[in-house]
Amino acid sequence: MVDRQFLLSPKQMPRKWYNIAADIGPTPPPLNPATQQPCGPQDLAAIFPDPIIMQEVSTDKWIDIPEEVLDILAMWRPTPLYRATRLEAALGTPAKIYYKYEGTSPAGSHKPNTAIAQAYYNKISGVKRLATETGAGQWGCALSLATQMFGLECTVYMVKVSYQQKPYRKSLINAWGANIFASPSENTSYGRKVLAEDPDCPGSLGIAISEAIEDTVTSKDTKYALGSVSNHVLLHQTIIGQEAKLQMEMAGAYPDVVIGCVGGGSNFAGIAFPYLEDKMSGKSPNLRAVAVEPKSCASLSTGEYRYDFGDTAQMTPLFMMYTLGCEFVPPSIHAGGLRYHGMAPLVSLAFHKKLIEAMSYPQTAIFPAAVLFARTEGIVPAPESSHAIKCAIDEALAAKETGEPKTILFNLSGHGHFDMGAYDMYFSGKMTDAG
Ligand SMILES: *Cc1c(COP(=O)(O)O)cnc(C)c1O
């Protein structure tokens, strides 16, 4: 019997986050849209607490993870690393496929890794309530869990179509004690304005961000929290790749290729950045890292590298990133967590410097991969994560062609237990590439 599970004890959990900003070279700063000058910390002070702003601009290579954060993360971390022996056998590949599984968190994805850290820093800064937006509901779940752990209040603006289509994500957010509004809502003046113009507006991530920011800046003791894209979010996710490195050592393996799906870029950064440290230092110059996007919203593969707003209402600073344009409205594909017009500035810079590659697939190609994975490895993957599975399968099939015993590592960012509606649509043959 070959070893399938590579498990660490809580004592082996990494104690520091890895900050790629220390190694990757100068990063183009965000700009204040009014002045076109680089944003100073004061530009962010209205929405983030000081410790988060310091991490956002830090170039220290290693940043200590507070004990209080480790304590909560240890409720489910370290997460398991598995070798996908049954998937390998089904493919008949000489490649070895490993995956890091982040679906064991209470919210079912990697997002609590940063939600817990953000709730902690807000708590010690005297903040009483966090406001945020959520698209598919994964981030709203993670933040409501995290605020509950630290005794903070939480308000979530959930895109109205998802609120209606994914009622159980909403119930989960309620179970963890957050207040939730379908966005556009009557709770903000921006929401009321949108509703006055179009009472049936289905909402969008851009509108929900605008509502959450308005709620933040017009309320006392309230700050805003972001689930992806920002430097501090990517930093918090690097615990994934650091654990994976220890676990791959236990397996006596080192990856030739590291794969992650990308929406805003945080879980990909989490698994890949600690390996890019090896690549940049010359320890593994040939290591490949592949970011996988949906074909209909492929910012790295088809976007431009330029300054753009993070949201549709153009309220955020300008970020240097690969973007499809802040007015781009992605089709309503089932991997809701990958529907974002831009890409994290640090992932964008890594792509611009050719440190990483990008790939994209239509959703009709990723569901067969998801189902093959469920039928071999047992875990029903989130549609988002299935983009990484599809790419890992294609790498393994390419290795079969060449007979190369390649080592593949991918991040399984979450389970798909709240996405069974999408699976139903696939099984009934009604799924198209448009939605
Ligand atoms: C949110 C989400 C993603 C996409 O976000 P990233 O910041 O790109 O990681 C991917 N997978 C799952 C399960 C998610 O919830």
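Nothing here was measured: the structure is a model prediction, and the numbers come from that model.

Sorry, what's going on with the overall build of the protein chain here?
Counting secondary structure elements, the protein chain contains 17 helices and 15 strands. A globule of 435 residues ought to have a C-alpha radius of gyration of about 22 Å, and the protein chain, at 20 Å, matches this closely. C-alpha extents for the protein chain along the principal axes are approximately 60 × 50 × 40 Å. Here the protein chain holds 435 residues, and 61% of them are scored as buried. For the protein chain, the share of sequence-separated contacts (at least 6 apart) that also reach a separation of at least 24 residues comes to 76%. Per element, the accessible surface of the protein chain, about 16600 Å² overall, is 54% carbon and sulfur. In the protein chain, 36 side chains carry a positive charge and 42 a negative one; their mean positions are 4 Å apart.

I'm lost on the site of the ligand in this one. Help?
If you check the shell around the ligand, you find 17 residues, and the closest are Lys111, Ser228, Gly263, Ser266 and Ser413. Interatomic distance of 2.8 Å between a backbone N/O atom of Gly265 and an oxygen atom of the ligand. Contact distances for the ligand include 2.7 Å between a nitrogen atom and a side-chain N or O atom of Ser413. Across the complex, the protein chains shield 98% of the 380 Å² of accessible surface that the ligand would expose by itself. Residue composition of the shell around the ligand, grouped by class: three nonpolar, twelve polar and two charged.

Teacher, can you tell me more about the packing of aromatic side chains here?
For any pair of aromatic rings, the description consists of the separation of the ring centres together with the inter-plane angle of the planes. Summed over all chains, the structure comprises 17 aromatic pairs. Ring centres of Tyr426 and Phe427 lie 5.7 Å apart, and the angle between their planes is 55°; on these two criteria the pair is classed as tilted. Within the aromatic cluster, the residues linked to one another by ring pairs are Tyr82, Tyr99, Phe373 and Phe410.

For this particular structure, what's the right way to read the nonpolar core?
In summary, soluble globular proteins display a tendency toward joint burial of nonpolar side chains. Counting 50 residues, the largest nonpolar core has Trp17, Phe48, Val69, Leu73, Ile116, Leu143 and Tyr224 as its most contacted members. Where this core is concerned, the elements lending two or more residues are α2 (50–57), α3 (67–73), α5 (112–124), α6 (138–149), β7 (153–159), α8 (167–175), α10 (205–217) and α11 (231–250). For Leu143, the contacting residues outside a window of four places in its chain are Ala115, Leu130, Thr132, Cys154 and Ala225.

Please explain the packing of α5 against α11 as it appears in this structure.
Helices that pack against each other are described as a pair by the angle of their axes relative to one another and the distance between those axes. The geometry of α5 relative to α11 is characterised by a closest axis approach of 8 Å and an angle of 125° between their N-to-C directions. Judged on the interaxial angle alone, α11 and α5 are oblique. Every pair of crossing elements has a handedness; the one defined by α5 and α11 is right-handed. The segment α5 lies against α11, with Asn113, Thr114, Ala117, Gln118 and Tyr121 engaging His232, Val233, His236, Gln237, Ile239 and Ile240. For the contact of α5 with α11, the per-class residue count stands at five nonpolar, six polar and no charged.

Explain the pattern of salt bridges here, please?
Note on pairing: side chains with opposite charge can pair once their charged atoms come close. Enumeration over the complete set of coordinates arrives at 21 salt bridges. For Glu88, the salt bridge is made with Arg83, and the minimal N-O distance between the two is 2.8 Å. As far as the burial class goes, Glu88 and Arg83 line up, both buried. Between Arg288 and Glu357 there is a salt bridge, and its shortest N-O distance comes to 2.9 Å. Of this pair, Arg288 sits in strand β11 (residues 288–294) while Glu357 is found in strand β14 (residues 357–361), placing the two residues 69 residues apart along the sequence. With a relative accessible area of 28%, Arg288 lands in the partly exposed category. Among the charged side chains, a network of salt bridges with common partners joins Asp23, Lys61, Lys245, Glu277, Asp278 and Lys283.

Would you mind going over the packing of α11 against helix α12 (residues 266–281) with me for this structure?
At their nearest, the axes of α11 and α12 sit 6 Å apart, and the two run at 60° to each other. Taken together, α11 and α12 sit at an angle that is classed as oblique. As for how α11 packs across α12, the hand of that crossing is right-handed. Along its contact with α11, which presents Val233, Leu234, Gln237, Thr238, Ile240, Gly241, Gln242, Ala244, Lys245 and Met248, the element α12 presents Ser266, Ala269, Gly270, Ile271, Phe273, Pro274, Tyr275, Glu277 and Asp278. Split into classes, the residues belonging to the contact of α11 with α12 amount to ten nonpolar, six polar and three charged.

Could you clarify how one ought to interpret the environment of Gly241 in this entry?
Residue position: Gly241 is located in helix α11. As a C-alpha pair, Gly241 and Asn267 span 26 residues in sequence and 9.3 Å in three-dimensional space. The contact partners of Gly241, leaving out residues within four places of it in the chain, are Gly270, Ile271, Pro274 and Tyr275.

Teacher, can you tell me more about the sheet that holds strand β9 (residues 222–224) here?
Picture the strands of a sheet paired through backbone hydrogen bonds; they go either parallel or antiparallel. Taken together, four strands build an open sheet; the order of strands is β8-β7-β6-β9 and the sheet is parallel. Strands with a single pairing partner mark the edges of an open sheet, and in this sheet they are β8 (179–183) and β9. Geometrically, the sheet is characterised by an average inter-axis angle of 25° between neighbouring strands, direction not taken into account. Where strand β6 (residues 129–134) lies against β7, six bridges are found, and the strand directions are parallel.

Looking at this model, I keep getting lost on the sheet that holds strand β10 (residues 257–261). Mind explaining?
Strands sit in the order β1-β4-β5-β15-β10-β11-β14 across an open sheet of seven strands; the sheet is mixed. Taken across any chain shown, the strands that pair with only one partner, and hence form the sheet edges, are β1 (5–6) and β14. Note: β1 against strand β4 (residues 81–83), two bridges, orientation antiparallel. Across the sheet, Gln5 pairs through a bridge with Tyr82, a residue of β4. Here α11 sits on the sheet and contacts β1, β4, β5 (96–101) and β15 (407–412); the angle it forms with β5, its principal contact strand, is near 140°. Helix-sheet contacts for helix α15 (residues 363–377) involve β4, β5, β14 and β15, and the interaxial angle to β14 is about 95°.

I tried to follow the environment of Leu349 on my own but got confused; where do I start?
Along the chain, Leu349 falls in helix α14 (residues 345–352). The spacing of Leu349 and Thr323 is 26 residues in sequence and 12 Å in space, taken between C-alpha atoms. When sequence neighbours within four positions are dropped, the list of residues in contact with Leu349 reads Ile24, Gly25, Pro26, Thr27, Pro28 and Tyr305.

About the thresholds
Residues numbered from 1 in each chain as written. Predicted model: local features only at pLDDT ≥ 70, side-chain atom pairs only at ≥ 80, totals over all residues. Heavy atoms only, no water. Helix = DSSP H or I, 4+ residues; strand = E, 2+ residues; numbered from the N terminus. Rg over C-alpha atoms; globule rule 2.2 N^0.38 Å. Buried < 20%, exposed > 50% of the residue type's maximum accessible area, 1.4 Å probe, protein only. Contact = heavy atoms within 4.5 Å. Areas by Shrake-Rupley, 256 points an atom, 1.4 Å probe, with all protein chains shown as cover. Lys, Arg positive; Asp, Glu negative; His and termini not counted. Charge placed at Lys NZ, Arg CZ, Asp CG, Glu CD. Near = heavy atom within 4 Å. Polar contact = N/O pair within 3.5 Å; in protein donor to acceptor, adjacent residues only side chain to side chain. Nonpolar A, V, L, I, M, F, W, Y, C, P; charged D, E, K, R; others polar. Phe/Tyr/Trp six-rings, centres within 6.5 Å; stacked < 30°, edge-to-face > 60°. Core = buried A, V, L, I, M, F, W, Y, C linked by side-chain atoms within 4.5 Å. Axes fitted to C-alpha atoms, helices over the stretch in contact; angles between N-to-C directions. Parallel < 35°, antiparallel > 145°, perpendicular 65-115°, else oblique. Left-handed = near helix turned anticlockwise from the far one by under 90°. Salt bridge = Lys/Arg side-chain N within 4 Å of Asp/Glu carboxyl O. Pairing = 2+ DSSP bridges.

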